[in-house]
Amino acid sequence: MSSFKTFRWLRLLFIIMSLVCTSTEFAKADLLPQLDTTLPHSTIQRIRDRDNVLIAGVLQDFPPFGFEDSHGDPVGFDVDLIRSMADIWGVKVEFLNLTSDARIPLLAAGEVDIIAAAMTHTQYREETIDFSQTYFVDGQSVLVRANSGINELSDLQDKRIAAIWGTTSIDQIKTYAIANGIRIEIVPFTDHLPALEALETGTIDALTTDRTALTQFASDNSSFQVIGESFTYEPYGLGVRTDDSIFRHLIDATLQQLKVNGKYDEIYNHWFADTVPYSIKITEDTWKYNYSNSPGTLEIPNQSMMEKVQRQQKIIVGVSIDHSPFSSLDEMGQCCIGFEIDLLREFAKRWLDDEKKITFIPIKDMDVVAQLQLGKVNLIAVSIKNTWQFEDLADLSQIYFSDERFADESYVLALPTNDSDFRDLVNLTLQEMVRDESYKHLYTKWFSTDSPYPDEIWPGMPTDPIILSMIQKDAKSRATSSILPRILNVLDFTPTMSMSADFTSVPTITNEISKSVTPTITQLPSVMLPEQPVFDITDAPTDFPPTGMSLRSYSSLPIVVLIIVTLFSGAIYHKKLGREKIT
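So, how was this worked out
Residues numbered from 1 in each chain as written. Predicted model: local features only at pLDDT ≥ 70, side-chain atom pairs only at ≥ 80, totals over all residues. Heavy atoms only, no water. Disulfide = S-S within 2.5 Å. Helix = DSSP H or I, 4+ residues; strand = E, 2+ residues; numbered from the N terminus. Buried < 20%, exposed > 50% of the residue type's maximum accessible area, 1.4 Å probe, protein only. Salt bridge = Lys/Arg side-chain N within 4 Å of Asp/Glu carboxyl O. Pairing = 2+ DSSP bridges. Phe/Tyr/Trp six-rings, centres within 6.5 Å; stacked < 30°, edge-to-face > 60°. Lys NZ or Arg CZ within 6 Å of the ring centre and 35° of its normal. Axes fitted to C-alpha atoms, helices over the stretch in contact; angles between N-to-C directions. Parallel < 35°, antiparallel > 145°, perpendicular 65-115°, else oblique. Contact = heavy atoms within 4.5 Å. Nonpolar A, V, L, I, M, F, W, Y, C, P; charged D, E, K, R; others polar. Left-handed = near helix turned anticlockwise from the far one by under 90°. Polar contact = N/O pair within 3.5 Å; in protein donor to acceptor, adjacent residues only side chain to side chain.

Q: Now, about the state of the cysteines: what can you tell me, with residues and values included?
A: This model, assessed by the stated rule, comprises one disulfide. At a sulfur-sulfur separation of 1.6 Å, the disulfide partner of C335 is C336. Looking down the S-S bond of the C335 and C336 bridge, the torsion is -85 degrees, so its handedness is left-handed.

Encoded structure:
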């Protein structure tokens, strides 16, 4: 009878532990960051379901891109651009005023459909959201009081410089100061207007942000002046949610339509006087969808191709065998040699530490997309033209080749649709190859000449340790301190921390800016460079390098605990049962 009671207690314990572990699993599922793989609708469908109302996030304090007029209505270059896009789509538009640091969180939360807020397309922002093609390019500069005696950037030694929280300005001015041996104190603000007031009263010595806005501030207030040349490259893109290729394509196609029909240039000339409008890149053919007939549902992969490549420890690529010097059979009739082949071997070397961990699958033109959609290859490199026809069938990488001396077209890689992580990995690898000159070496090998990379390189570096590791040139550079300074360059510092650091032309703007906006946000505590990198909890990586353990792996710990407790309890039961038999 005693043994039977013991068994009942053990069975009860097992049930209780099972319930505890199950509830723990659900709790962890809620707490740990999860990949959104079940998004049923494109943003296009969300707009339709909202009675065709587009919600656009814009700035209210950054003329001439986004600000409020004397009536409190949003105006500016970005605002007019969104209105023109909405007109083409036949939808109404509501504007939501944003601060710079709230742009990405509100987009990720679904509070806005699109961000049009003078936002620089950076490599670390690309990890969180997707961007349209570039529609404007600026550069960072510095604004000072005209009578301050600060006439050059070198005069900023020991000065207090304001920058806006949530922008690239803090990292960029820090990087510039370090590179030029200038010791500065960074004073972050959450809004431009309080920063301008602080500059005017002498609380701070300078304000740094993009030159176009600084030029407008100086035009509105003769006591200010812009000094020096621009020291960064700032490509602006419209922000959208990740893994929504159909909406991103619609935006790019609409931007191109505005450029072709002259509306973009009209808006540009209204806000920027006596300058040449930005040259938006135009794709040769026409995007077959518009707002009305665009698909409303999305097919999101359950797992990113990046994870699949890591798991299988091999890259499987569809290639051509008859397009020399890009990809063809060698002298022995074996596959394959060429510029694209070497480019992809470099991918394997970086992603998997071995250029031999790659398999080339010869495919014919008619099988290009089918092989990718069926999952038989991870990507395709068959000198694919950068056209809307292919964008309809697969996502495309950045342009990796465009040289009229050897081919009439620009070439891209074909990638799985709605897989932002993998597209980011491919594009960031290409850009890193340009930075470390591996691209130049391969280009010279096959074309006996040097050629600049045909696409833009986004500022900054990724913060995800896995992606950062995978794009590096070799294992040595991944294991050394070369990674740390790049992480430091893109950190968002906690505003309550005390830190210290040793640290070209732009459009002329028409003077239509109202000064009626009342600042509601004030200065944050000044910050200076810390000795050690500091990650905000919201930026903490969800995964560790392959030698570590994924945070999500810990969700299985309760099961392990359950097994251990069950085995231990069973051992006690059998031991007690044995004693009872002896007795």
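Q: Let's hear about unusual backbone geometry: which residues, and what values?
A: Each neighbour pair has its own omega, and for P63 with P64 the value is 5 degrees, a cis peptide bond. Inspection of the secondary structure puts P64 in the loop between β2 (61-62) and β3 (66-68). A cis amide bond, omega 0 degrees, links C335 with the succeeding residue C336. Here C336 shows up in strand β20 (residues 335-337). Not every positive phi belongs to a glycine, and D51 is a case in point at roughly 65 degrees. The phi dihedral of N418 falls on the positive side, at around 60 degrees, and the residue is not glycine. When you line up the elements, N418 lands in the loop between β24 (411-415) and α14 (420-435).

Q: A description of the environment of S279 should follow, citing residues and the corresponding values.
A: Among the structural elements, S279 can be located in the loop between β16 (272-273) and α10 (305-312). Taking the relative accessible area as the measure of exposure, S279 reaches 54% and is therefore exposed. Taking the C-alpha atoms as reference points, S279 and Y135, 144 residues apart in sequence, are found 8.0 Å from one another.

Q: How would you sum up the environment of D51? Please name residues and give values.
A: Its place among the elements puts D51 in the loop between α2 (43-49) and β1 (53-59). In sequence terms D51 and K92 are 41 residues apart; their C-alpha atoms lie 8.7 Å from each other.

Q: Go over the pattern of salt bridges, please, and point to the residues and values.
A: Overall, the coordinates contain 18 salt bridges when judged by the stated rule. Residue D265 pairs with K259 through a salt bridge whose shortest N-O separation is 2.8 Å. By relative accessible area, D265 is classed as partly exposed at 24%. A salt bridge links K288 to D392, with the shortest nitrogen-to-oxygen separation between them at 2.9 Å. Within this pair, whereas K288 is found in the loop between β16 and α10, its partner D392 is found in the loop between α13 (388-391) and β23 (395-396), the two being separated by 104 residues in sequence. With a relative accessible area of 53%, K288 lands in the exposed category. Its relative accessible area of 27% is what places D392 among the partly exposed residues. Taken together, the salt bridges that share partners define one network made up of E126, D130, R248, D395 and R423.

Q: Please provide a residue-by-residue account of the sheet that holds strand β19 (residues 327-329), values included.
A: Here three strands make up an open sheet; going across it, the order is β18-β19-β20 and the pairing antiparallel. Only two strands of the sheet have a single neighbouring strand rather than two, namely β18 (322-323) and β20.

Q: Tell me what's going on with the packing of aromatic side chains, and back it up with residues and numbers.
A: Going through the model one piece at a time under the given rule, you end up with 37 aromatic pairs. Aromatic side chains F339 and F447 sit 5.4 Å apart centroid to centroid with 65 degrees between the ring planes, which places their arrangement in the edge-to-face category. In this pair, F339 is assigned in helix α11 (residues 339-352) and F447 in helix α15 (residues 438-447), connecting sequence segments 108 residues apart. On the basis of relative accessible area, F339 is assigned to the buried category, the value being 0%. Ring geometry for Y439 versus Y443: centroids 6.0 Å apart, planes at 35 degrees, classification tilted. Here the residue Y439 and the residue Y443 both occupy positions in helix α15, the gap between them amounting to four residues, near one helical turn. Here the aromatic cluster, defined as three or more aromatic residues joined through ring pairs, consists of F62, F65, F77, Y135, F136, Y236, Y264, Y268 and F272. In this arrangement the basic side chain of R48 is found over the ring face of Y291, its NZ or CZ atom lying 5.4 Å from the centre.

Q: Give a description of the packing of helix α3 (residues 77-89) against helix α8 (residues 245-260) that names residues and reports values.
A: Direction vectors running N to C along α3 and α8 enclose 105 degrees, while the axes themselves pass 10 Å from each other. Classified by the interaxial angle, the pair formed by α3 and α8 is roughly perpendicular. Between α3 and α8, the contacting residues are L81, S84, M85, I88 and W89 on the first element and F247, L250, I251, T254, L255, Q257 and L258 on the second. Split into classes, the residues belonging to the contact of α3 with α8 amount to nine nonpolar, three polar and no charged.

Q: Please give an account of helix α5 (residues 169-179) that cites residues and values.
A: Of the positions making up α5, those classed as buried are S169, I170, D171, Q172, I173, K174 and A177. Among the residues trailing α5, G181 stands out with phi positive, at a value near 65 degrees.

Q: Run through helix α6 (residues 192-201), naming residues and quoting values.
A: For α6, the full list of buried residues reads H192, P194, A195, L196, A198 and L199. Looking one or two places after α6, you find G202, whose phi comes out positive at around 90 degrees.

Q: Can you tell me about the packing of α11 against α15, naming the residues and giving the values?
A: Where α11 meets α15, the closest approach of the two axes is 9 Å, and the angle between their N-to-C directions is 155 degrees. Compared by their axis directions, α11 and α15 come out roughly antiparallel. Judged by the twist between their axes, the crossing of α11 over α15 is right-handed. In contact with F339, D342, L343, E346 and R350 of α11, α15 contributes S438, Y439, L442, Y443, K445, W446 and F447.

Q: How would you summarise the side chain of H249 if you had to cite specific residues and measurements?
A: Tracing the chain through its elements places H249 in helix α8. Polar side-chain contacts of H249 include one of 3.1 Å to the side chain of E391. In this view, H249 contacts W287, W388, E391 and D395; residues no more than four positions away in its chain are not counted.

Q: Account for the side chain of N221, naming residues and giving values.
A: Examined against the element boundaries, N221 turns out to sit in the loop between α7 (211-220) and β13 (224-227). There is a polar contact of 2.5 Å between the side chain of N221 and the side chain of S223.

Q: Explain the pairing of strand β22 (residues 379-385) residue by residue, including any values.
A: A regular strand places its side chains so that they alternate between the two faces of the sheet. With respect to burial, β22 is a largely interior element, six of its seven residues being buried. Summarising the sheet, strand β17 (residues 315-319) and β22 pair through three bridges and their orientation is parallel. Each residue of the ladder has a partner; that of G318, found in β22, is I380. Bridge count for β22 against β24 is three bridges, and the pairing is antiparallel. By the bridge assignment, I384 is partnered in β24 with V412.

By themselves, these are just geometric observations and shouldn't be taken as functional.
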